[in-house]
Amino acid sequence: TSTSRSSTGCSRRCRRARATRRRSSRRSRRASRRSPSNPAAAGANYSGKNFARRDLTKRSFRGANVSAANFNEAKAKGVSFHGANVRAASFVKTQCFRCSFYGSTGDRQTHFDNANLGNADFTGARMRGARFRKAQLGGAKLKGADMSRAFFQEAKLHSANLYGADARATKFHNADLRRANLSGARFSRAILTGADLRGTNLTRTDMRHANLCSVKYDKHTNVNGTDVRGAKCGATFLRNVRRIQAR
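Residues numbered from 1 in each chain as written. Predicted model: local features only at pLDDT ≥ 70, side-chain atom pairs only at ≥ 80, totals over all residues. Heavy atoms only, no water.

Participant: Help me out: how do you make sense of the pattern of salt bridges in this one?
Facilitator: Oppositely charged side chains can pair when the atoms bearing their charge come close. For the structure on display, the rule yields 10 salt bridges. Between Glu73 and Arg53 there is a salt bridge; the shortest N-O distance is 3.5 Å. Of this pair, Glu73 sits in the loop between helix H1 (2-34) and helix H2 (234-245) while Arg53 sits in the loop between H1 and H2, placing them 20 residues apart in sequence. Residue Arg208 is joined to Asp227 by a salt bridge in which the shortest nitrogen-to-oxygen separation is 3.9 Å. (Salt bridge = Lys/Arg side-chain N within 4 Å of Asp/Glu carboxyl O. Helix = DSSP H or I, 4+ residues; strand = E, 2+ residues; numbered from the N terminus.)

Participant: Help me out: how do you make sense of the packing of aromatic side chains in this one?
Facilitator: In this description, a pair of aromatic rings is defined by centroid distance and the angle of the planes. Under the criterion given, the structure shown has 21 aromatic pairs. On the numbers, 5.4 Å between centres and 90 degrees between planes, the contact of Phe61 with Phe71 is edge-to-face. Note that Phe61 is positioned in the loop between H1 and H2 and Phe71 in the loop between H1 and H2, a separation of 10 residues in sequence. Geometrically, the ring pair formed by Phe81 and Phe91 is edge-to-face, given 5.4 Å between the ring centres and 90 degrees between the ring planes. Of this pair, Phe81 sits in the loop between H1 and H2 while Phe91 sits in the loop between H1 and H2, placing them 10 residues apart in sequence. Residue Phe81 is classed as buried on the basis of its relative accessible area, which comes to 1%. (Phe/Tyr/Trp six-rings, centres within 6.5 Å; stacked < 30°, edge-to-face > 60°. Buried < 20%, exposed > 50% of the residue type's maximum accessible area, 1.4 Å probe, protein only.)

Participant: I'm lost on unusual backbone geometry in this one. Help?
Facilitator: The general pattern is negative phi for most residues beyond glycine and trans for most peptide bonds. Of note, the phi angle at Ala88 is positive, near 65 degrees, even though the residue is not glycine. Inspection of the secondary structure puts Ala88 in the loop between H1 and H2. The exposure class assigned to Ala88 is partly exposed, which follows from its relative accessible area of 26%. At Cys233, a position not held by glycine, the phi torsion is positive, near 70 degrees.

Participant: Quick question: what am I supposed to make of the side chain of Thr203 here?
Facilitator: Tracing the backbone through its elements, the reader meets Thr203 in the loop between H1 and H2. At 2.6 Å, the side chain of Thr203 and the side chain of Asn201 are in polar contact. Reaching out from Thr203, the side chain makes a polar contact with the side chain of Asn222 at a distance of 3.3 Å. Contact partners of Thr203, with chain neighbours within four places excluded, come to Ser183, Gly184, Asn222, Asn224 and Thr226. (Polar contact = N/O pair within 3.5 Å; in protein donor to acceptor, adjacent residues only side chain to side chain. Contact = heavy atoms within 4.5 Å.)

Participant: I'm lost on the state of the cysteines in this one. Help?
Facilitator: Cysteine pairs can be linked by a disulfide, which is a covalent bond between their two sulfur atoms. The full count for this structure, using the stated rule, is 2 disulfides. Each sulfur in the disulfide pair Cys96 and Cys99 lies 2.1 Å from the other. Taking the torsion about the S-S bond as the criterion, the Cys96 to Cys99 disulfide, at about -100 degrees, is left-handed. For the pair formed by Cys96 and Cys99, the shared burial category is buried. In this model Cys213 forms its disulfide with Cys233; the gap between the sulfur atoms is 1.9 Å. Between Cys213 and Cys233 the disulfide shows an S-S torsion of about 75 degrees. By sign, it is right-handed. (Disulfide = S-S within 2.5 Å.)

Participant: Looking at this structure, how should I read the environment of Leu197?
Facilitator: Relative to the assigned elements, Leu197 resides in the loop between H1 and H2. Residue Leu197 is classed as buried on the basis of its relative accessible area, which comes to 0%. Separated by 17 residues in sequence, Leu197 and Ala180 place their C-alpha atoms 8.0 Å apart.

Participant: What exactly am I supposed to notice about the confidence of the model for the chain here?
Facilitator: A low pLDDT score tells you not to read the predicted coordinates there in detail. Residue-level pLDDT values for the chain average 90, and 88% of them are 70 or greater. Scored below 50 in pLDDT, residues 31-39 makes 11 contacts in the model with residues more than four places away or belonging to other chains. (pLDDT = per-residue confidence, 0-100.)

Below you can see the structure in the form of structure tokens.
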């Protein structure tokens, strides 16, 4: 009888222990789903860290401080830098397709040269003076972003959305802006020499005092309400676009 009681007690204790372990395991799984995957936790400080050539796919740096961090040549497809501090961070040749930089903050020392930023989201980002030379930004979202005084020489921005963006005094020399949406954007004093504006939406775009010499255009370039007062080659640009549209 004592043996039976002991066995029954052990069985009950074992069942309770197993149930406790199961509950603990469920809580852990729920917590891991809520928090971003390591090594980058939301709001963490990774200032100056070296992530060069690392595989960071599906990781999250949401709200993190990655100022002066090195992401050169890293594989970062789909990585979130939403609201992150990316001042002086380097993303040279980084594979960052569909990355989110929504509301993030960079500066003139933030470098995206030759990076793959196709379909990336820079909505509302503050990237004043940042470098995007020869970067791939096809289909990227830059709505309402501050890109003033930034560098986009020879960058690929075809089909990108720059609606309402601030691109004052920004350099787009030889940039590919085909079919991009620049409506309502501020491009005053921007340098667009040699830029490809075929099929580009320039509705109500402020291009005062911009340099529009040698730009490419076609009958699908929308210049309704485009302001080119004081723009170099601006009058010629508008006249030629309207002439081919009237054919």
